[in-house]
Amino acid sequence: MRLVILDNYDLASEWAAKYICNRIIQFKPGQDRYFTLGLPTGSTPLGCYKKLIEYHKNGDLSFKYVKTFNMDEYVGLPRNHPESYHSYMWNNFFKHIDIDPNNAHILDGNAADLQAECDAFERKIKEAGGIDLFVGGIGPDGHIAFNEPGSSLVSRTRLKTLAMDTILANAKYFDGDLSKVPTMALTVGVGTVMDAREVMILITGAHKAFALYKAIEEGVNHMWTVSAFQQHPRTIFVCDEDATLELRVKTVKYFKGLMHVHNKLVDPLYSMKEGN
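This structure is a prediction, so every number in the text was calculated from the model and none was measured. (Residues numbered from 1 in each chain as written. Predicted model: local features only at pLDDT ≥ 70, side-chain atom pairs only at ≥ 80, totals over all residues. Heavy atoms only, no water.)

Side chains that are nonpolar tend, in soluble globular proteins, to be buried together. Core analysis: the largest hydrophobic core is formed by 85 residues, its most contacted members being Leu-52, Phe-93, Met-200 and Phe-237. It is helix H1 (residues 9-27) that provides the largest number of residues to this core, a total of 9 residues. Sequence-distant contacts of Met-200, that is, excluding residues within four places in its chain, are made with Trp-15, Ala-16, Tyr-19, Ile-20, Leu-133, Phe-134, Val-135, Gly-136, Ile-236 and Val-238. (Core = buried A, V, L, I, M, F, W, Y, C linked by side-chain atoms within 4.5 Å. Buried < 20%, exposed > 50% of the residue type's maximum accessible area, 1.4 Å probe, protein only. Helix = DSSP H or I, 4+ residues; strand = E, 2+ residues; numbered from the N terminus. Contact = heavy atoms within 4.5 Å.)

Here's what the structure looks like:
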């Protein structure tokens, strides 16, 4: 497990975007060799997406041979609703890059058979060869995707009822009207994300500080599902200073010290063309 601490949200977003960019470039994707990327929604990854779009428009990065799988989608919300995750991904990312729409996979929350939709999603991931890098964000209660507190840490893609804390947190996207907020969603499972060859979790803001503490300083606990990634062989937590407020001073110093070592070896903030 690695914890990367940047001074602020913008730098954390840039670091994450360059890490993703480097991974894709180093993979050397092609017609018979697609890079497979798991993606989140929410406010946290927006800065990362903006930087990835910038790299694409500058000619540094292509998504022509990239396949993506999103973490989740609301149930019952029309696909063209401005708050659906289909709309989020297309408006904030996909329409600005050169990805083939057939390679951008998002769960269908309006499928006639929701369980069959979830099973098909798992099958598509396997057919793509698994996820090379799964990027995720978390809620203040430590949930990843919609794996709410109490979710099985070996869970697969499935239908989930959303916790009241999640509904309250999402109300800001629905004019503060709780009656408009979906109460169910389709989500990848913790086990689905754990199967990825590499996981990068973005955690920013003081309101996520206690969740970060639970994620890395205490044990694995199904009430804080993000803690499961302590056991993944290649997990990177990327955070800003505000998110470290609940961590022990020695924890912060330890991981900041490691950053200097890593930076000499492979620093995503170095020029992508010169240093990688």
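Here the focus is the UniProt feature "domain: Glucosamine/galactosamine-6-phosphate isomerase" (unreviewed entry) in the protein. According to UniProt, the feature "domain: Glucosamine/galactosamine-6-phosphate isomerase" (unreviewed entry) maps to residues 15-232 in the numbering used here. Note that residues 15-232 is 31% helix and 15% strand, and that its end C-alpha atoms are spaced 21 Å apart. (UniProt positions renumbered as here; feature names shortened; annotations may be inferred.)

Tracing the backbone through its elements, the reader meets Thr-187 in strand E8 (residues 184-187). Here the side chain of Thr-187 touches Phe-146 through a polar contact of 3.0 Å, landing on its backbone nitrogen. When neighbours within four sequence positions are excluded, Thr-187 is seen to be in contact with Met-71, Asp-72, Leu-107, Ala-145, Phe-146, Asn-147, Arg-156, Thr-157, Arg-158 and Lys-160. (Polar contact = N/O pair within 3.5 Å; in protein donor to acceptor, adjacent residues only side chain to side chain.)

Let us look at the environment of Met-1. Along the chain, Met-1 turns up in the segment before strand E1 (2-6). Residues Met-1 and Ser-84, 83 residues apart in the sequence, show an inter-C-alpha distance of 32 Å.

Next up on the list: the packing of aromatic side chains. Enumeration according to the criterion identifies 16 aromatic pairs in this entry. With a centroid separation of 6.0 Å and an interplanar angle of 75°, the aromatic rings of Tyr-74 and Phe-174 are classed as edge-to-face. Placement of the pair is Tyr-74 in strand E4 (residues 72-74) and Phe-174 in the loop between helix H5 (164-170) and E8, with a sequence separation of 100 residues. Its relative accessible area of 4% is what places Phe-174 among the buried residues. Ring geometry for Phe-93 versus Phe-94: centroids 5.7 Å apart, planes at 35°, classification tilted. Three or more aromatic residues joined by ring pairs form one cluster here, namely Tyr-49, Phe-63, Tyr-88, Trp-90, Phe-93 and Phe-94. Taking NZ or CZ as reference, Arg-33 lies 3.8 Å from the ring centre of Phe-27, over its face. Positioned above the aromatic ring of Tyr-34, the side-chain terminus of Lys-67 is 4.9 Å from the ring centre. (Phe/Tyr/Trp six-rings, centres within 6.5 Å; stacked < 30°, edge-to-face > 60°. Lys NZ or Arg CZ within 6 Å of the ring centre and 35° of its normal.)

At a closest axis distance of 10 Å, the pairing of helix H2 (residues 46-57) and helix H3 (residues 85-92) adopts a crossing angle of 40°. One element, H2, and the other, H3, form an angle in the oblique class. Together, Leu-46, Tyr-49 and Ile-53 of H2 and Tyr-88, Met-89 and Asn-92 of H3 make up the contact between the two elements. Taken together, the residues of the contact of H2 with H3 break down into 5 nonpolar, 1 polar and no charged. (Axes fitted to C-alpha atoms, helices over the stretch in contact; angles between N-to-C directions. Parallel < 35°, antiparallel > 145°, perpendicular 65-115°, else oblique. Nonpolar A, V, L, I, M, F, W, Y, C, P; charged D, E, K, R; others polar.)

Moving on, we come to H2. Taking 1.5 Å of rise per residue, 12 residues should cover 16 Å, and H2 covers 17 Å from first to last C-alpha, within 8% of that figure. Within the sequence span of H2, burial applies to Gly-47, Cys-48, Tyr-49, Leu-52, Ile-53, Tyr-55 and His-56. Close packing links the buried residues of H2 with H1, strand E2 (35-39) and H3. Following H2 by one or two positions, Gly-59 has its phi on the positive side, about 85°. (Expected span 1.5 Å × (residues − 1).)

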